[in-house]
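So the chains spell out like this:
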Amino acid sequence: MQEKNRGLGLFTLLVFLFLLGPLLIISVTSFEGGNILKFPPEELSLRWYENIFHVEMFLVAFKTSILVSLGGNLLALLLGVPAAYALSRVEFKGKSVINAVFVSPILVPGIVLGFAFLRYIVGTYQLPIYAALFVGHTVIMLPFIIRVISSSLSNFDFSIEEAAESLGASKLGTFFTVVLPNIKSGILAAVMIAFLESFNNVDISVYMTGPGVSTFPIQMLTYVENYFDPTISAISVLLMFITAFFMFMVERLMGLSYFTKR
Amino acid sequence: MALFTLQDISVAYNKQNILKDFNLEIEKGKLVSLLGPSGCGKTTTLRLIAGFLKANEGKFLFKDKDYTKVPVNKRNFGFVFQNYALFPHLSIFDNIAFGLRLRKNSKAEIEKKVMNVLEIVNLKGFEKRYPQELSGGQKQRVAIARALVIEPDILLFDEPLSNLDANLRVNMRVEIRRIQQELGITTVYVSHDQEECFSISDQVAIMNKGVIEQLSDPATIYKYPETKFVADFIGFKNFIDFDERTDTGGKIELSKSGYSFVLDKDARMFNHAGKIGAIRPDDLLIREKGDAGAVQENSLSGRVKVSTYLGRSYQYVVETPIGDFIVNKEMTESYRMGQEIILEIPRNQMVLVD
């Protein structure tokens, strides 16, 4: 396969341009010195990066997002770790059905899921905005937590659990002293992926947020509707960096194989 | 007196009986092997003793106390796994100290006991390493040390050597036997390797389809198998299903399709009512046709059907009027394919089994 194929090379280049071009343009426009977003920029400056930290609503929304993502993450972990463990360790009837149910939030379009939440959970139980956000984000994080931790458990040799028990450890003690330490990189990766999924989420949040409470991406939407300055480009670049950093960490922790592995 | 007893145990999985009305008694300080082909229930028996598995029926008595419902972590039995099952996140020291910490030993005690057991398994100086850095044999030594250090009442081995290469297997089984005898620890050892079991055990239980076919010391099993399955398992390749058996004085007379045979009766076979004769390929004799030394008794005329080269000997398949026999012969004695010969069954080499 050393033979060069020009047509294929050109095609690959075009695909790359198509994928990365918009990101490149956004990145360039974030350094605009003027007041209006345009490409190419007329003068270069970092003032819009600085501006992010002066816009009150971004700071508030950022805090909200962090709170919701971390809180939801904790809740999703508390539910997801035992679920992933049970799904990997125990054989029971209807296991595949339960597996499918846990993964279903990935399969259902977010916009549909969000509407369903709004109509039947928020509407029926009159949940306050924060509680609704927590519940919604927990649900969308859960499949990622379960998938990644299950993948980590699939490499786990359960006979070491029996070894621990034969040495005198209780079932619960075994879980904390033997199972958890051996899947901790998987848990860390799961937390990061779930965090990204939640932090960048628009389609669920857009239904849940209300007067005075907004998550970061929703705030970005609102901002774009009202202002035309390059702040939004600067934020986008920061978000890209945060996401890339997290994905890099996940890659280092356990490889990206869980995307392809069942 | 028995240290522990399995009493009328039944285990079923997916409505299939793995063990049925199973009984086993093991004495203190003995090494007993469970030997048999895969699926015979030997591992099930071991896991039942360990407590990993619950019996559907029956009792497990330990020192005359009912242990049937005692959970694994309260039994104080050591278990050595086929795949070692070391804790990958802990150093060798911490792996071995795991059980001691749960028993609330003091730091100084743990240090002393771990170092002591490392010496027993010849792994001094490895305490700071991690399992991934050790070879298979070293890992299994750590696993044995980890099980020994808690001073278990029973030590259980589940095919501990089957992941090791052949040379190491022989060394390790000698090690296991040495440690077991030094500490006088009651041991149950599961394997499908006959040589391994016979070489280290006080007693061997040969299992088939969830039943113990024979439980004796290795020499007795080797010489006097009681059932056809056991005989076959330990290398009696030739079987004759006799029509009639008559015990008279010091002899047993047998007949098959009009051919009659005589065996010397020996003490152990005396009570045996079996009518199936079993004999090893090494114990049959071949005589040239017309050989002056050939005896009439216990002889059949036959023809060499197949001849294969085994390195140290030849193996022949000999066709006779009462069936084919497999015979091993030294290099010095060779026979052509198709050659007519006389096959002799020595009167003291055949055993009768059920």
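Scope of this entry: the structure provided in the associated data block.

Considering the sheet that holds strand S14 (residues 259-264) of chain B
All names here are of chain B. Strand order in this open sheet of 3 strands is S12-S13-S14, and the pairing throughout is antiparallel. The two strands at the open ends of the sheet, each matched to only one other strand, are strand S12 (244-248) and S14. On average, each strand axis in the sheet is tilted by 20° relative to the strand beside it, whichever way the strands run. As paired elements, S12 and strand S13 (residues 251-256) share 5 bridges and run antiparallel to each other. From the neighbouring strand, Arg 245 faces S13, where its bridge partner is Leu 254.

Some thoughts on the interface of chain A and chain B
If you look at the interface, chain A gives 16 residues, while chain B gives 19 residues. Surface buried jointly by chain A and chain B totals about 1,500 Å² across both partners, of which 62% is contributed by carbon and sulfur atoms. Of all residues in chain A, the largest losses of buried area upon contact with chain B belong to Glu 162, Ser 166 and Leu 167 of chain A, amounting jointly to 42% of the total for that side. Taken together, the links from chain A to chain B amount to 1 salt bridge. Note that Glu 162 of chain A and Arg 47 of chain B form a salt bridge whose closest N and O atoms lie 2.5 Å from each other. Linking chain A with chain B are 6 residue pairs in polar contact (both at pLDDT 80 or more). Among the secondary structure elements, those contributing two or more residues to the side of chain A that touches chain B are helix H7 (159-166) and helix H8 (171-182) of chain A. The element best represented in the side of chain A that touches chain B is H7 of chain A, accounting for 7 residues. Of the residues contributing to the side of chain A that touches chain B, the split by class is 7 nonpolar, 6 polar and 3 charged.

Quick word on the packing of aromatic side chains
Residues and elements named next belong to chain A. For the coordinates displayed, the defined rule picks out 31 aromatic pairs over all chains. By the ring-pair criterion, three or more aromatic residues cluster together here, those being Phe 58, Phe 62, Phe 195, Phe 199, Phe 216, Tyr 223, Tyr 227, Phe 245 and Phe 246. Taking NZ or CZ as reference, Arg 119 lies 5.4 Å from the ring centre of Tyr 120, over its face.

Concerning the side chain of Thr 187 of chain B
All names here are of chain B. The residue Thr 187 is located in strand S8 (residues 186-191) in this model. The exposure class assigned to Thr 187 is buried, which follows from its relative accessible area of 0%. A distance of 3.0 Å separates a polar atom in the side chain of Thr 187 from the backbone oxygen of Ile 185. Those residues within four positions of Thr 187 in sequence are excluded, and the remaining contacts are Lys 30, Leu 31, Val 32, Leu 155, Phe 157 and Gln 180.

Points about the sheet that holds strand S21 (residues 351-353) of chain B
Residues and elements named next belong to chain B. Taken together, 3 strands build an open sheet; the order of strands is S11-S15-S21 and the sheet is antiparallel. At either end of the open sheet lies a strand with only one pairing partner, and these are strand S11 (238-241) and S21. Across the sheet, the mean angle separating the axes of adjacent strands is 30° when strand polarity is ignored. Summarising the sheet, S11 and strand S15 (residues 276-279) pair through 4 bridges and their orientation is antiparallel. Across the sheet, the residue bridging to Phe 239 is Ala 278, located in S15.

Remarks on H8 of chain A
Between its first and last C-alpha, H8 of chain A extends 16 Å over 12 residues, near the 16 Å set by a 1.5 Å rise per residue. When we look at burial in H8 of chain A, the residues that qualify are Thr 174, Phe 175, Val 178 and Val 179 of chain A. Projected down its long axis, H8 of chain A shows its buried positions confined to an angular sector of 125°, all on one face. Against helix H3 (56-89), helix H6 (129-154) and H7 of chain A together with helix H2 (92-102) of chain B lie the buried residues of H8 of chain A.

Details of helix H5 (residues 166-183) of chain B
All names here are of chain B. With 18 residues, H5 should cover 26 Å at 1.5 Å per step; its first-to-last C-alpha distance of 26 Å lies within 8% of that length. Listed as buried for H5 are Met 172, Arg 173, Glu 175, Ile 176, Arg 177, Ile 179 and Gln 180. Elements that come into contact with the buried residues of H5 comprise strand S3 (31-35), helix H3 (107-120), helix H4 (136-148), strand S7 (154-158), S8 and helix H6 (194-200). Count one or two residues on from H5 and you reach Gly 184, which has phi positive near 60°.

What about the pairing of strand S20 (residues 340-344) of chain B?
All names here are of chain B. Extensive coverage of S20 is indicated by the burial of 4 of its 5 residues. As defined by bridge partners, strand S16 (residues 285-288) adjoins S20 across 4 bridges and the pair is classed as antiparallel. Residue pairing across strands places Leu 285 opposite Glu 344, the latter belonging to S20. In this sheet, S20 lies alongside strand S17 (residues 299-309) in antiparallel orientation, the contact comprising 5 bridges.

With respect to the pattern of salt bridges
All names here are of chain A. Under the definition given, this model contains 19 salt bridges over all chains. For the salt bridge of Lys 171 with Glu 165, the shortest nitrogen-to-oxygen distance reads 3.5 Å. In this structure Lys 171 comes out as exposed when scored by relative accessible area, which is 64%. Look at Glu 165 and you get buried, because its relative accessible area is 9%.

Here we look at empty space enclosed by the protein
Residue and element names in this part refer to chain B. Applying the stated rule across the entire model yields 3 cavities of 30 Å³ or more. Taken as a whole, the largest cavity spans an internal volume of roughly 60 Å³. Ile 9, Leu 48, Leu 53, Lys 54, Ala 55, Phe 60, Thr 68 and Arg 75 are the residues that line the largest cavity. Broken down by class, the residue content of the lining of the largest cavity amounts to 5 nonpolar, 1 polar and 2 charged.

Considering a nonpolar patch on the surface
All names here are of chain A. A cluster of nonpolar side chains, contributed by Ile 106, Leu 107, Val 108, Ile 111, Val 112, Val 202, Val 206 and Leu 221, occupies part of the molecular surface with about 640 Å² of accessible area. The set of elements that each furnish at least two residues to the nonpolar patch consists of helix H4 (95-107) and helix H5 (110-125). Among the secondary structure elements, Val 112 is positioned in helix H5. Exposure remark for Val 112: the relative accessible area of 43% places this residue in the partly exposed category.

Procedures and definitions
- Residues numbered from 1 in each chain as written.
- Chains lettered and ligands numbered in written order.
- Predicted model: local features only at pLDDT ≥ 70, side-chain atom pairs only at ≥ 80, totals over all residues.
- Heavy atoms only, no water.
- Pairing = 2+ DSSP bridges.
- Helix = DSSP H or I, 4+ residues; strand = E, 2+ residues; numbered from the N terminus.
- Axes fitted to C-alpha atoms, helices over the stretch in contact; angles between N-to-C directions.
- Contact = heavy atoms within 4.5 Å.
- Buried area = accessible area lost by both parts, 1.4 Å probe.
- Salt bridge = Lys/Arg side-chain N within 4 Å of Asp/Glu carboxyl O.
- Polar contact = N/O pair within 3.5 Å; in protein donor to acceptor, adjacent residues only side chain to side chain.
- Nonpolar A, V, L, I, M, F, W, Y, C, P; charged D, E, K, R; others polar.
- Phe/Tyr/Trp six-rings, centres within 6.5 Å; stacked < 30°, edge-to-face > 60°.
- Lys NZ or Arg CZ within 6 Å of the ring centre and 35° of its normal.
- Buried < 20%, exposed > 50% of the residue type's maximum accessible area, 1.4 Å probe, protein only.
- Expected span 1.5 Å × (residues − 1).
- Arc of directions from axis to C-beta.
- 1 Å grid on protein atoms, 1.4 Å probe; cavity = no way out; pocket = protein on both sides within 12 Å on 5 of 7 lines; lining within 4 Å.
- Points joined across faces, edges and corners; volume = space filled by probe spheres on them.
- Patch = residues over 30% accessible without salt bridge, like charges linked within 9 Å, V, L, I, M, F, W, Y side chains within 5 Å.
- Areas by Shrake-Rupley, 256 points an atom, 1.4 Å probe, with all protein chains shown as cover.

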